[in-house]
Each structure stands twice: as C-alpha cells, then as structure tokens.
There are 4 protein chains.
Amino acid sequence: MTTDLRVGVVGAGLMGADHIARITNRISGAVVSAVVEPDAGRAAAAAQNAPGSQAFSRIEDALAADAVDAVLIATPGKFHEPVLVPALEAGLPILCEKPLTPDSASSWQILQLEQRLDRPHIQVGFMRRFDAQYSALRQLIASGDEGELLMLRCAHRNPSVPESYTQEMLITDSVVHEFDVVPWLAGSPVKTVEVKYPRRNSLSPEHLREPILVIMELENGVLVDVEMNVSVQFGYQVATEAVFEQGIARIGQPAGLQQWHDGRFSIGEHVSFTTRFADAYDAQIQRWVNAVRAGTLVDGPNAWDGYLVALSCEAGVRALQGGVQSVDAAARPAFYA
Amino acid sequence: MTTDLRVGVVGAGLMGADHIARITNRISGAVVSAVVEPDAGRAAAAAQNAPGSQAFSRIEDALAADAVDAVLIATPGKFHEPVLVPALEAGLPILCEKPLTPDSASSWQILQLEQRLDRPHIQVGFMRRFDAQYSALRQLIASGDEGELLMLRCAHRNPSVPESYTQEMLITDSVVHEFDVVPWLAGSPVKTVEVKYPRRNSLSPEHLREPILVIMELENGVLVDVEMNVSVQFGYQVATEAVFEQGIARIGQPAGLQQWHDGRFSIGEHVSFTTRFADAYDAQIQRWVNAVRAGTLVDGPNAWDGYLVALSCEAGVRALQGGVQSVDAAARPAFYA
Amino acid sequence: MTTDLRVGVVGAGLMGADHIARITNRISGAVVSAVVEPDAGRAAAAAQNAPGSQAFSRIEDALAADAVDAVLIATPGKFHEPVLVPALEAGLPILCEKPLTPDSASSWQILQLEQRLDRPHIQVGFMRRFDAQYSALRQLIASGDEGELLMLRCAHRNPSVPESYTQEMLITDSVVHEFDVVPWLAGSPVKTVEVKYPRRNSLSPEHLREPILVIMELENGVLVDVEMNVSVQFGYQVATEAVFEQGIARIGQPAGLQQWHDGRFSIGEHVSFTTRFADAYDAQIQRWVNAVRAGTLVDGPNAWDGYLVALSCEAGVRALQGGVQSVDAAARPAFYA
Amino acid sequence: MTTDLRVGVVGAGLMGADHIARITNRISGAVVSAVVEPDAGRAAAAAQNAPGSQAFSRIEDALAADAVDAVLIATPGKFHEPVLVPALEAGLPILCEKPLTPDSASSWQILQLEQRLDRPHIQVGFMRRFDAQYSALRQLIASGDEGELLMLRCAHRNPSVPESYTQEMLITDSVVHEFDVVPWLAGSPVKTVEVKYPRRNSLSPEHLREPILVIMELENGVLVDVEMNVSVQFGYQVATEAVFEQGIARIGQPAGLQQWHDGRFSIGEHVSFTTRFADAYDAQIQRWVNAVRAGTLVDGPNAWDGYLVALSCEAGVRALQGGVQSVDAAARPAFYA
C-alpha cells in the first residue's frame, strides 16, 4: 500500500481526540478519514485535528460511505461491541481500546464472529507492550540470561481518581493492564487471582477501599504481586521488579531531569500516564498502521488476549470479596495460535 | 563509669570472633575481658584478638571469677538459655544475639526470670535497628510527613546458603529479621503470617523450596510482603519500599562505586551481610556499651521483643504448610512498658 | 497544506539512508519524493525505503523536474554548498545536516544568498536541540528557578573512532555539537575557546592526541568545560552538569534496563549516538516538516547559527595549537533576529 | 600497648571539641587525657566530654606533666607551628589538622625538625583519604582494570560561607583538600595550577568572586578540573568523575533516603561536611590511634604531604591572579620515602 491508510476513529472523547491528534501529527502512512461521534460538539472539536475527515454519528454510516480502510475504537468499553460487530462484518482491521468488551461472555461472542474471517483482524489497545522498558524486560526474560523468572513485583500508582471511579474499576480499569502485560512478559497465562487489603488511604474517595495488593499465580508457577494504588498523590508510576534465579531486573524508575536543590537530589517523575506511556501509544499506532498496510493486520495483543484479560478481570472482581479465584479459559482455537 | 566495661563474649565462632575483634578494635569504652568457649582451638584463635582476656569453657566459671561486667552471647540460639539464666541470676547486663531462644515458651521463661530484676537487662541482637537507613525510614514514618504508612514491600536476598540450611530456617534464621524490624518501623506488632510459593529456584539446595513470599498483616492494618530469597546468586540485598498515603520511600539501594564499563553503568552492590550491616553491628555494640556504662543497660530490642519475634517465627513456620497463621501474644507486662 | 510534503533527500550514505527510512516509516505528513545520489548502488538501496520516489544524480535535475517541495541535505559538509545554492535559488525550504558549510567564509556566502529571500529558509541539523533532556535543561535555565546559570560541565564520550578521524575532527565533527547547543542552552554566544590536553588515551588511533578538555567562555560570563573523548571504549555518553547559583542540574544519565547481576547493580547505557539521539532525530524532522507545511519553514537552528558554529570551530581548531582563541562574529543581520 | 593511648588535644574550638567527643565516645584504645586550650570557657565545655582529662593552657605544661602519649592539634593553621615544635622535641606522635602550617617555608622547617627523629612522627589531617569512596576509587585506579587514568573532574560544593571567608581561602581552606587527595588518587604530584572564573554567584559574600574552576596538571600528565563552589545553597557535595582509557568511575553521589513526593523522586543529600565525612573522621583517628599503639606512628598523609600541599596552595593563590603557576618542590628526602 503506497497511499495512506484511511482510519476511522470511533469516539472523540479524551482518548479518541488523543488518537486523532496522534495519527494526524505523528503517524506515518495514515490519515484520519472519518470521525464517528454522536456528540456534535466533540465531533466538531475533533475535526479540527483531522483536516479532510468526514463526520459520522454511527459506524454503519461510515462503512456504507466506504470512508475508512480501518477502524480505531476509542469509546468506553461498554460501547465496543456495537462497533466491533459491523466492522468485523465489513472485514476491516480494527484497533480496539482496552477492554475488548466488558465481560468474557461478550468477548467470546466477538471471538466467534472474528473466526468467520480468514485470520485475526482485531488488535486490543494494551499499550504497555509497546513501551521500550517492558520490551527490554521481556527480551531479558526470554533470553534466559538470568535463569528462569520466578516472581514479578509490580507497582501501579496513580496520584488520584475522580469520585466516579468505583471499587471494581481497581480491577477492570487499572489492574486490567497487568492482566495483559504480565502473561506477555512471563510467557504464561494467569491461573489464580487474590486480593489483600492494606491499611486504607484516607485520601481516597470515601467509597474506595484501596490500595489493594493483587496476587496472581501464573500457569508456569511464577508468582506476581501488584500494588494497585490510585490515590498516592505524589505522581504516576508503573514499575516492575523481576526476580530471576540469578539476579533481579527493574523497570519503571524515574528518568527525568536531575536536580540538586534544597538539601535533596531529585529526578523528575511522571504525574500522568499520558507522559509515561506517550511513546508507547505512538509506537502502538504506528506499528498497527504498518501491519495493516503490510497486510498482516495485527501486531500486538489480539482478541484472544482480550478475552483472557476479561476472564482475569472477572476473577479479580470476585477476589475483591475474598478468596483465591481461578481463571478458567476455554481452549485456545487454532485460529489464534 | 570511667573505666572500660569488661565484656565476656560467650561463643567464639564466626559471630563471636567478629564481636571480639569489633570490641577490641573499634568500640570505645569496652574491652573483652573473657572469652567463654569450650572449643580450645576457637578459644585460642579468639584470644589473639582480645589481648589481656581470660579464657573460660563455661559461663559459670567466668561469673565465679568475677571476670566480667556484662555478657555478650554469640552462640547458636539453642545454646542461649543456659547462658542467659546464670547471667541473669548474676544480675549482669546481656546482649544476646538473635534469636533470644529458639521458641516462645523458653523465651517466656526468660521473661519471667528477668522480671525478678529491677528492670530489663537483656538486649537482643537485631542489628537492623541500628542501620542508618532503617532509622531514617522509621523517622519518616513517625513524622507523618507522607501521611499514614499503608504497606511495606520488602526484599531479603542472599546469594546462596549451605546445604545445612533448612526450609524452616527461611523463617527462623532469615525472616526473623523482618519479624523484628517491621513492627519497629510501623509501630505495630505482627497479627498474621502467610506464605506463598513462587516458582522454585533450581539453584537452591535440592531440599529447599524457595524463594517464598511472606505476607504479614500488622495490628494497625499495615500489610507487608517480604520476598525471602536465599539463592539469588547476584549478591546480598535488603531493601524496603514503604507505601504511604502521599508518597513512597525506599531504602536498601546500591551505593558503592559507580562505573561506566562495557556498555553499562553500574554501582557496586553488597555480596554479604557483613558489609551491608557492618556499621549497624558497630553502632549496636557501641550504643549497648554506652547504655550499660550509663546504667540504662538496654538501648535497643529487649527480651519482650525477642519473645514476640519467637511467636512470629512459630506462626511463620506453620504458614510454610499453608494458611493464614495468627500471632497470639500474651499481654505485655508493665515491666517492659 | 493537506497533502504530504515532498522531500528530496540529497545524499544516500549512512545519514541520508537513515533520514529516508525515518521519513518513510515514522514521519507524518511527508514522503521522500526524490533521492539525489550519484552513486548508483547507494541510490538503488535507498530507493527501497522510499517507494514511489524518483532517483536523480544531481540536485539541479530534481529541481528542474519539480520533484520536490523541500530539500534535506545529508551529504558530507564539503558538498553542502553546491546543493544549498541551487536549492536557495529555487526558493525551497532546506534542512541541512551539520555543518552548514566547512568554514565561516562559505557560510557567510550562504547567509548573503539566503537574505535575498523573504525570510530564512535553511535549518541546520543540530539535533541535540530536539532532545527532551536538553529541552528540559534549557527550560530550567530560562525559568531562573535555580538562580543564574554559572557553569556548564559537559562530557562527550564515544567508544572509538575510525583511523580516518583526524585531530581537527575532534573540533569540527564532535565539539561542533557543543558549539551549537551550549549557546542555545545558556542564551549567549561563545566568546573564547581554549584546549587542554590530559594524558593521552593509548587506545586512540596513533595519530590522535585525545581526550581533550575544551574550555569556552560565553559572552555572558558562563564558563564551560567539555571533556571530548572519542576512544573511551565503554559506550556513548553525552552528559551535562549545569551549575546554578542555588543548585545543580544534570542530564545525560543512563536510563536503560536496571539489573542486579554478579555483585553489581547496573543500568543499560548507550553505545552509539543512533540510540542516544533516536528520538531527537525523529522530533527534528517531524517539527521541520510541520514548520514547512505551516509555512514557517524553520523550527530550530538556522543558517546564522550555522555560521556562528563555523566561527567557533575555527577558533577551536586554532586552540588545538594552544592559547585562548576568540570568536569574532559579524553583527547579526536583522533578517535573522 | 594494652593500655589506652593518652591523647592530648590542643585546641577546643569546633574541630577540637569534635575530636574530643569522637575519641571519648567512638574510638577504641584511646582516651583524651589532656585538653590544651587557653580559653577557659572552651576548656571547661570540652572537659565535660573528656572525663578524667587534665586541663592545660599551654602544650609545654602538658608535656612537662607527662600527661600525654600523643598530640592531636586542632587549632587554626597559624597556631600549629608553636605546638608542633615542642611536641616533636618531646618525640611524641602527632596528628595535626590541615594545613600542616600556613606556608611552605614554615612547613619546610618542620620537616627539618622532624628528620632529627628516627622516623616520621607527624600525620596531617586530610580526612578524605579515609573516606570509603575515595579509597575504592584509588583502588580502581591502582588496579589498572579500566586502563590508565587520564582525567579527574571534581566538584567541591558548599552551601554558603561566613563573611569572614576570604578569596584566598577558596584555595587555602577548600581546594587544599583536592591538593592532597588528587595526587594520592592519581599517584602523581601537582605540576601546575590555573584558575578560571565563571560567572559570579550573586549569593556569595560581596567580596568573593566565585565559584572558580581550578585546573591542575599532574606530573604524570593527568589533567584535573575542580569546580570550587562555596555558595551553591542546595547543600554539600564532594564528587569526582575519573576518566580512564576504557571507562569512567564516579564517587560522591547522593545515598540518603529515597522518596517519591510531589512529582519528584528524591534522594537525601548532605548539607554539611560533618555528615559527608563523619565516617572518614572516625576512621582517620581510629587508624592513627592503632598506628601509634602499634609503634608505626603514622597511617596516612605525613608532613611531606603537608609540605607539598602548602606549595600547591601557594601556586593556587598566585593563580587566583591569573596564569599557569608551577609547583616546584624540593627533592623528597629519603626519610619520607
């Protein structure tokens, strides 16, 4: 393909607007040809960042107008299915923001539908896989240079969350990232999930009981503990310590400007995921565009990964109530091998 | 007291010999006046580092000879009680290497005996409390500057252990340190202990199943996870990440010589506890000597702390078999208030 | 401009090939429409990364064919002038790899030619200005938050150089970067240059006497010392310590994967400028493309900066022979204000 | 010697009081037996930290009373000679705070006097040689593991100085430390000294023009640049980057408590030399006491080193006025080989 890929972006909220600006300003080989957004104000604002794009209020109209070569879904998770279905039926490649769908049953339905095509068309937007540090850690694990991987000790820290953030979202909106990236790192799916409650942060919204410590066991025996923290005030940090047989590796450490001031030496830390994963978001979209233009369609987590994550989230939500919860996946179809 | 404190060191093995050299060469206000060691070879070797000291094969003989003002017990834990009893009966101040005794029942007996004296005479050798970094962390916690403490995430890593190291020793010889220092940091005793098993390190002695992840809940709700690792090859590291309401603090990071060489920047790390805690061992003995000379006798963990640690170890050993194990302490006597 | 910018890349050597791949694969809003390269082999190799591009052996032919909207010059410095002249005469925007030209006299001629146009058309490829860390440091200096800047202490370290690298190239090929970026950071041009010789590195090519310490005084009194080191073996590092009235800032520290292994903690360091400045090269081209499409043409160092750097290099080359050498620039034309 | 070394401390100002407390509380094998201090108030205050010590107003009286086995001189440099002379004549071992004497001529006289004894009796209090990091760096240099040493890049940063601090003291009170430790590290004496002036720190006392950059060439060709900064506000830092043929080493980096707070990750830095070099001061005195008790008398920089430093300081003071100033030492007597 020598002409630019025409991407239809569905949803022009925060995430959608960000993707529109990204494709327009920083991604090679693609243009935003359509913005699908029922809210007129959002649609108009988004159009300014996508010169030459057409506006639609429904995905079906964009498809009917033959306005797009590929679809990027950036609506909230509960609105994914009604876009995934017609896009799949139209045989278009899709990049779907996480989660694939809000539960494993509906994800399973999407898997069924996708398998009618010749090969996977859906990529799910777990951007951590495109972060340079996660990649380097995965490469180290795969190399065996430090012996086998034994444990992963993770921290996922946010400064604060809005009142609308619910207890379940600790799992479905936040730990969801670890549910994808940890099996990808360790080369093994999640087997069980458990939740422990530390002392509650009094600065959290009143209805939240957090931080939590999420403990996962993987099929290959690797043990993972994730400190999930959404009100830690200081800033944003996603860090992992990998415990090997012969050593330790660590990612997610501060790397900003270094300063000596007022009795302390300091290094700039992130305060939002937008800067922490800025390069990962760019790389994710660029590699997806390249894959679509090259005809391989997917270069990253696919719908099967999305289904597994949905199962892990369901186990995680049950684990919020106590107990060691199992993740029981169906057998992986050869289609996703 | 203007003359030097005459310390009788009981046990001239590795630890005892180390303390003898320390007192002789680096501690102000004390001399090793007696070495109590039945093994003639060890006794002779030790005497070289303690010019002017007398040799005894039994503590009772040293006491009878009025050769010591204070006793430092550096034998293995199972031999502590037969030294503690006569030393207490003689009314002498005692620094007893950890553990106080091998189990809570015998520790309780020691507590009873000690309470016949006018005040605590026993200090237990948990040297981490004398480490500058642990002290700084404790001060930060106490200050409230970062809000309340919520979690402690600990790593206790050794390069390797001899074949004689048993599974129980993961708790009684290694995690024993966290059982003392964690309540001291957090200002709250251990309530429950649980053990999780990651993938086994194939480089461990065959009879060991480790590393383990030890999870403690403290009375005040603080949650603690300790990665206990005794075959991690690379070196020795004892590190803690403290999760507060408003931020994070961390100790135990590498601080040796910094070098750029062969594609990497590196910082020298410890390979043994002897260098990691060298200053802490010195400070522990110096402060104990100062306290004894000043008549306060104890400046650090006392026999009550030793009893609590024995209880935690018993819970930890049970937890090796599974389950969440409670630590049920008797009420603290006013004597130890 | 809604259509892609058609860039003609002149020179398909290492640097040119790199830019061709960059524009084709990672830059938004631009395509390589022409490759100008007399060497047929190079031209053919380059064409594979620029689908749809035309091949020319001379810039004049590309201009005559109306094949380009803008010119990127990636030939060695001595070949810049014969491309700059016709491209300027054609009124095209130009990104010219450093140096502008090999000496200040020829640079001055280019300035005269460019001033016949309505405004600056030439940007010079000093990519450090597009590095996130340099930008953050510049912002800190400009903010005054640490008081006035007093000194810059720089290190510019390469693992090795080929036999063809000459003593003068220490200045003209290496320190040339500091001659641009230091005045940009400090907001003041170079006033004098001096060179000191440390002990010689025996691993350098025999005809080189290096490392050298280059000392610059800026017009505003800021003093700068640059360790210029081209055989330091371990890897590639470009670091700066900025000394302010109230504190210190530092950039260029290692930020790769962190590992504990074999008695040391290490952080991955760069071994080549290609990774150290990968993002800066991308940002430089993307911002230039954006500026050209927006009609502002230049977003970075311009030809006047290139002329000043040429003067500093000449002073630096004289300083290799000894003495404190002055940089005497002509008055800046209003055209470059 | 099995009894404690009786040390007479001369001068009970800040430094003297510190040494008195050190010997009394932390040094093994020594007691402060005499305090020589004409100021009655100071003498009384000091005596509280030296139980059992005698007070004298003149060194001669302490010597006549046979009250001391060794002398520690902690008065300002201009008062050293009148103590050194009688102490040497009495054949006592001496630890003399830096500088040996205020100038090379008087230092030379001391050398003559000392050579009447059987061997060196004077150690000069350059405590940096007893810092663990400096020692590790020296060991690395001596090992040759990184190839030859080529450059040392030093920073010597103080938060502020009193009004009484003079321009010359930049050299004689501050860089004096580098004049001792740099030749000790590099294994070669100072050959020339030069001073460069960066922009002046407006927060310095009005009569000071600083920071300064001091450039030294050593006899073996190693080049050294020292940023001497006495008003940098943020805290206290003494750091060195050693440039080798194959890599870089660095000491003096922050190693305090690590914290994430308010958008930054920070590490506690020193704010005074008293904490930065606390361990070095202790080690210096302990090793001196051990050497004296063992009969070797000196374990550290001797009077010859003190003479060389005096010469370097004189060159440095001349260099404050400009030019490259030579350090011309007499031939080293065999006595100091």
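Residues numbered from 1 in each chain as written. Chains lettered and ligands numbered in written order. Predicted model: local features only at pLDDT ≥ 70, side-chain atom pairs only at ≥ 80, totals over all residues. Heavy atoms only, no water.

Asks: Please explain the interface of chain C and chain A as it appears in this structure.
Replies: Reports of interface size often rely on the accessible area that becomes lost once the parts have come together. Facing the 30 residues of chain C at the interface are 30 residues of chain A. Buried surface at the junction of chain C and chain A, summed over both partners, amounts to about 2,200 Å²; 49% is from carbon and sulfur atoms. Across the chain C-chain A interface, the total number found is 0 salt bridges. Here chain C is connected to chain A by 14 residue pairs in polar contact (both at pLDDT 80 or more). Counting residues per element, the ones that place at least two in the side of chain C that touches chain A are helix H1 (14-25), helix H6 (132-143), strand S12 (248-251), strand S13 (258-261) and helix H9 (278-294) of chain C. Per-class residue counts for the side of chain C that touches chain A are 13 nonpolar, 11 polar and 6 charged. (Contact = heavy atoms within 4.5 Å. Buried area = accessible area lost by both parts, 1.4 Å probe. Salt bridge = Lys/Arg side-chain N within 4 Å of Asp/Glu carboxyl O. Polar contact = N/O pair within 3.5 Å; in protein donor to acceptor, adjacent residues only side chain to side chain. Helix = DSSP H or I, 4+ residues; strand = E, 2+ residues; numbered from the N terminus. Nonpolar A, V, L, I, M, F, W, Y, C, P; charged D, E, K, R; others polar.)

Asks: What is the right way to read the interface of chain A and chain B from this model?
Replies: At the junction of the two partners, chain A supplies 40 residues and chain B supplies 41 residues. Taking both sides of the interface into account, the surface hidden between chain A and chain B amounts to around 3,100 Å²; carbon and sulfur atoms contribute 52%. A per-residue breakdown of the area chain A buries against chain B is headed by Arg153, Arg199 and Glu245 of chain A, which together make up 22% of the total. At the junction of chain A with chain B, the criterion picks out 10 salt bridges. Here Arg199 of chain B and Glu148 of chain A are joined by a salt bridge, their closest N and O atoms 3.0 Å apart. Going through the elements one at a time, strand S7 (149-157), strand S8 (190-196), strand S9 (212-218), strand S10 (223-229), strand S11 (237-244) and strand S12 (248-251) of chain A are the ones with two or more residues in the side of chain A that touches chain B.

Asks: Where do I start with the pairing of strand S7 (residues 149-157) of chain D in this structure?
Replies: It is a general feature of regular strands that their side chains alternate between the two faces of the sheet. Residues and elements named next belong to chain D. Taken across its 9 residues, S7 has 9 buried, putting it largely inside the fold. The pairing of S7 with strand S11 (residues 237-244) spans 8 bridges and is antiparallel. By the bridge assignment for S11, Cys154 is matched with Thr240. Pairing between S7 and strand S10 (residues 223-229): 7 bridges, direction parallel. Directly across from His156, in S10, lies its bridge partner Met228. (Buried < 20%, exposed > 50% of the residue type's maximum accessible area, 1.4 Å probe, protein only. Pairing = 2+ DSSP bridges.)

Asks: Would you mind going over the relation of the copies chain C and chain A with me for this structure?
Replies: The second copy of the chain is related to the first by a rotation about an axis and a shift along the axis. It takes a turn of 180° to lay chain C on chain A, together with a shift of 0.0 Å along the axis; the resulting RMSD is 0.0 Å. Each copy turns onto its partner about a two-fold axis. No C-alpha of chain C approaches the rotation axis more nearly than that of Ser28 of chain C, which lies at 2.1 Å. Counting the interface residues of chain C, we find that 100% of their copies in chain A are interface residues as well, pointing to one common contact surface. (Least-squares fit on C-alpha atoms with pLDDT ≥ 70 in both.)

None of this, on its own, says anything about what the molecule does.
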